[in-house]
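Residue-level listing of the chains:
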Amino acid sequence: MLILSRKINEKICIGNNITLTIMEVRGDQVKVGIDAPKDVKVFRQEVFNAIQSENKAAASTAKADLSALSNLLKK
C-alpha cells in the first residue's frame, strides 16, 4: 500500500485519467473529490462489499435454479 500525505486542494493522479483532490479535512473526516472517466466505477468500500455479496448470492441462486431445471429436463 502506498501512503501519501496531501493538503487541501492538493491532488493525487492515478494513471493518465484519474485524479483525486483533497477537498476538505475536518477532524477525522476527509472529503475527497474524484475526477475519473464515466466508465470507471467508483464506490465506497462498504458499498462495494455489499454489491459483491449480492452478486455472489445471485450467482449461487442462479446455479441452483439451473441445476433444478437440468434435473427436470432429464426426467
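Residues numbered from 1 in each chain as written. Predicted model: local features only at pLDDT ≥ 70, side-chain atom pairs only at ≥ 80, totals over all residues. Heavy atoms only, no water.

Colleague: Honestly, the pattern of salt bridges in this entry has me stumped. Any pointers?
Modeller: Any two side chains of opposite charge can pair, on the condition that their charged atoms come close. Tallying each qualifying case throughout the model produces 4 salt bridges. Glu-10 is the partner of Arg-6 in a salt bridge, and the nearest nitrogen-oxygen pair spans 3.5 Å. With a relative accessible area of 28%, Glu-10 lands in the partly exposed category. Across the pair Lys-31 and Glu-24 runs a salt bridge, and its minimum N-O distance is 3.7 Å. Classification of Lys-31 as partly exposed rests on a relative accessible area of 43%. (Salt bridge = Lys/Arg side-chain N within 4 Å of Asp/Glu carboxyl O. Buried < 20%, exposed > 50% of the residue type's maximum accessible area, 1.4 Å probe, protein only.)

Colleague: Hey, could you run me through the sheet that holds strand β3 (residues 29-35) in this one?
Modeller: Either a parallel or an antiparallel arrangement is found when strands of a sheet pair, and the pairing is made through backbone hydrogen bonds. One open sheet holds the 3 strands; their spatial order is β1-β2-β3, and the pairing between them is antiparallel. The open sheet has two free edges, formed respectively by β1 (11-14) and β3, since each of these has just one partner strand. Sheet twist, expressed as the mean angle between neighbouring strand axes with direction ignored, is 25°. Pairing analysis gives 4 bridges linking β1 to strand β2 (residues 18-26), with the strands arranged antiparallel. Residue Cys-13 lies in a different strand from β2, and its bridge partner there is Thr-19. (Pairing = 2+ DSSP bridges. Helix = DSSP H or I, 4+ residues; strand = E, 2+ residues; numbered from the N terminus. Axes fitted to C-alpha atoms, helices over the stretch in contact; angles between N-to-C directions.)

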